[in-house]
Amino acid sequence: MHNVVIIGSGCAGLTAAIYAGRANLKPLVIDGHEQGGQLSLTTHVENYPGFPDGIMGPELIENMRKQAQRFGAEFKAGAVNEVDLTKRPFKITAGKDTYEAKTLIVAAGASARLLGLPGEKELIGRGLSTCATCDGYFFRQKAIAVVGGGDSAMEEANFLTRYASKVHLVHRRNDFRASKIMIDRVKANPKVELVTPFVVDEIVSPKGHVEGARLRNLETKEIREIAVDGVFVAIGHDPNSTVFKGKLEMDANGYLIPKHGTLTSIPGVFIAGDVQDHRYRQAVTAAGSGCMAALDAEKFLDGHTD
């Protein structure tokens, strides 16, 4: 029997573990789909407070993990494949192991959708990114491509013109899913070139980092190669919430819906981080909500000594 089980080991889950550990609750952290979350897939993080020279994403995660362990957090590898939230203690199954918990913090995160190209994951941090606000600064006065056609793609393209010399916005259709105001902003931006209806067939990286993109026109079959130093994939995120379908309230895209901070409709179940945040998706906001979830769990346990 655990006082607190935390699902997910990114910024939200690890911060929750630090706070729960310091409250002497001996939390159990189940690593989840990606140990360390999205931050473990990034390179240089410059916008996390307290690191004036920046810090590598995996190092920041490892520091948080050690800090949580120092305060008594226990870690288990694996992804959760079943939960029973019908009564307390809650039952959480990961692989062949089942755990019982008086409280549960869901910090399972979200996974950025990628293009599905060979070698794509290996290029993350080497010119390929899924976060403009995280990595845009590294592309000062360089040409880059943004792939996508929704509001997030438009927003990222506009944002990246603060740094990049040129932004190629690549989309598979001539029409965009984005709102009219976002499309109008992009069209009015002289640094953005709309490249439609094209798909990315290959990210050119002969030396292990992005040097260009090979594009294919879906109507004419024309092949075009553009020289870029970065490719930003902005085709959405998928929250890691499938296991909670029908058990916790979620929106049409699968993001869990918080009530009054981190609370859910089930007493004793709390949510934090990107699994419930489709707007900000930053390390610092995830950490903040992880702190809130741990404090809420502690308060809940104080009032429920059973």
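Residues numbered from 1 in each chain as written. Predicted model: local features only at pLDDT ≥ 70, side-chain atom pairs only at ≥ 80, totals over all residues. Heavy atoms only, no water.

> Residue-level account of the overall build of the chain, with values.
The secondary structure content of the chain amounts to six helices and 19 strands. Over its C-alpha trace the chain gives a radius of gyration of 21 Å, about what one expects of a compact globule, namely 19 Å for 306 residues. In terms of overall dimensions, the chain has a C-alpha envelope of 65 × 40 × 35 Å along the principal axes. The 306 residues of the chain split such that 50% are buried. Long-range pairs, those at least 24 residues apart, make up 60% of the contacts in the chain between residues at least 6 apart in sequence. A total accessible area of about 14,700 Å² is found for the chain, and carbon and sulfur atoms account for 50% of it. Where the 36 positive side-chain charges of the chain centre and where its 36 negative ones centre are 1 Å apart. (Helix = DSSP H or I, 4+ residues; strand = E, 2+ residues; numbered from the N terminus. Rg over C-alpha atoms; globule rule 2.2 N^0.38 Å. Buried < 20%, exposed > 50% of the residue type's maximum accessible area, 1.4 Å probe, protein only. Contact = heavy atoms within 4.5 Å. Areas by Shrake-Rupley, 256 points an atom, 1.4 Å probe, with all protein chains shown as cover. Lys, Arg positive; Asp, Glu negative; His and termini not counted. Charge placed at Lys NZ, Arg CZ, Asp CG, Glu CD.)

> An account of the packing of aromatic side chains is requested, with residue identities and associated values reported.
Under the defined criterion, the tally for this structure stands at six aromatic pairs. Relative to Y163, the ring of Y137 lies with its centre 6.0 Å away and its plane at 85 degrees, an arrangement referred to as edge-to-face. Residue Y137 is located in the loop between α3 (132-135) and β11 (143-147), and its partner Y163 is located in the loop between α4 (151-160) and β12 (166-170); the two are separated by 26 residues in the primary sequence. Ring centres of F159 and Y163 lie 5.7 Å apart, and the angle between their planes is 70 degrees; on these two criteria the pair is classed as edge-to-face. Three or more aromatic residues joined by ring pairs form one cluster here, namely Y137, F138, F159 and Y163. (Phe/Tyr/Trp six-rings, centres within 6.5 Å; stacked < 30°, edge-to-face > 60°.)

> Tell me what's going on with the packing of helix α1 (residues 11-22) against helix α2 (residues 57-70), and back it up with residues and numbers.
Remark: α1 packs on α2, axes separated minimally by 8 Å, with the N-to-C direction vectors making an angle of 25 degrees. Classed by the angle they form, the pair α1 and α2 counts as roughly parallel. Seen from above, α1 lies across α2 with left-handed handedness. Mapping the contact onto sequence places C11, L14, T15, A17 and I18 in α1 and I61, M64, R65, Q67 and A68 in α2. (Axes fitted to C-alpha atoms, helices over the stretch in contact; angles between N-to-C directions. Parallel < 35°, antiparallel > 145°, perpendicular 65-115°, else oblique. Left-handed = near helix turned anticlockwise from the far one by under 90°.)

> Report on helix α6 (residues 283-303), specifying residues and quantitative values.
End to end, α6 covers 31 Å across 21 residues, agreeing with the expected 30 Å (1.5 Å per residue, within 8%). Residues A283, A286, A287, S289, G290, C291, A293, A294, A297, F300 and L301 constitute the buried set of α6. Buried residues along α6 sit in contact with β1 (2-7), α1, β8 (97-106) and β19 (269-271). (Expected span 1.5 Å × (residues − 1).)

> A description of the pattern of salt bridges should follow, citing residues and the corresponding values.
As enumerated under the stated definition, the model contains 13 salt bridges in all. Residues E74 and K76 are paired through a salt bridge, measuring 3.8 Å at the closest nitrogen-oxygen approach. The partly exposed category is assigned to E74, whose relative accessible area is 36%. Among the charged side chains, a network of salt bridges with common partners joins K166, E193, E222 and R224. (Salt bridge = Lys/Arg side-chain N within 4 Å of Asp/Glu carboxyl O.)

> For α2, give the residues involved together with the corresponding values.
Counted at 1.5 Å a residue, the expected span for α2 with its 14 residues is 20 Å, and the 20 Å between its end C-alpha atoms agrees. Taken together, the buried positions of α2 are occupied by G57, L60, I61, M64, R65 and A68. Buried residues of α2 fall within an arc of 135 degrees about the axis and therefore sit on the same side. (Arc of directions from axis to C-beta.)

> I'd like a description of the nonpolar core, backed by residues and values.
Counting residues in each nonpolar core, the largest one holds 33 residues, and the members touching the most others are I6, L39, Y48 and I105. Of all the elements in the fold, those that place two or more residues in this core are β1, α1, α2 and α6. Among the elements that make up this core, the one with the highest residue count is α6 (eight residues). What I105 contacts, discounting residues up to four positions off in sequence, is V4, V5, I6, I7, A16, F270, A293, A294 and A297. The next biggest cluster of nonpolar side chains, apart from the first, holds 23 residues, and it includes L85, L104, V106 and V269. (Core = buried A, V, L, I, M, F, W, Y, C linked by side-chain atoms within 4.5 Å.)

> Could you give an account of the pairing of strand β17 (residues 230-233), naming the residues involved and the relevant values?
Where a strand is regular, its side chains alternate between the two sheet faces. Covered by surrounding structure in β17 are G230 and F232 together with V231 and V233, the residues of both alternating faces. Sheet topology note: the strand β10 (residues 128-129)/β17 ladder contains two bridges and is parallel. Within β17, the position partnered with S129 by the bridge is F232. For β11 and β17, the ladder comprises four bridges, and the chain directions are parallel. By the bridge assignment, V147 is partnered in β17 with V233. (Pairing = 2+ DSSP bridges.)

> I'd like a rundown of the state of the cysteines, residues and numbers included.
Applying the stated rule across the entire model yields one disulfide. Linked covalently through their sulfurs, C131 and C134 form a disulfide whose S-S length is 2.1 Å. Torsion about the S-S bond of the C131 and C134 cystine: about 70 degrees, corresponding to right-handed handedness. You can see C11 has no disulfide; the closest cysteine sulfur is in C134, sitting 10 Å from it. Note on C11: relative accessible area 8%, which makes it buried. Of all cysteine sulfurs, the one in C11 lies closest to C291, which takes part in no disulfide; the gap is 13 Å. Judged by relative accessible area, C291 falls into the buried class, the value being 16%. (Disulfide = S-S within 2.5 Å.)

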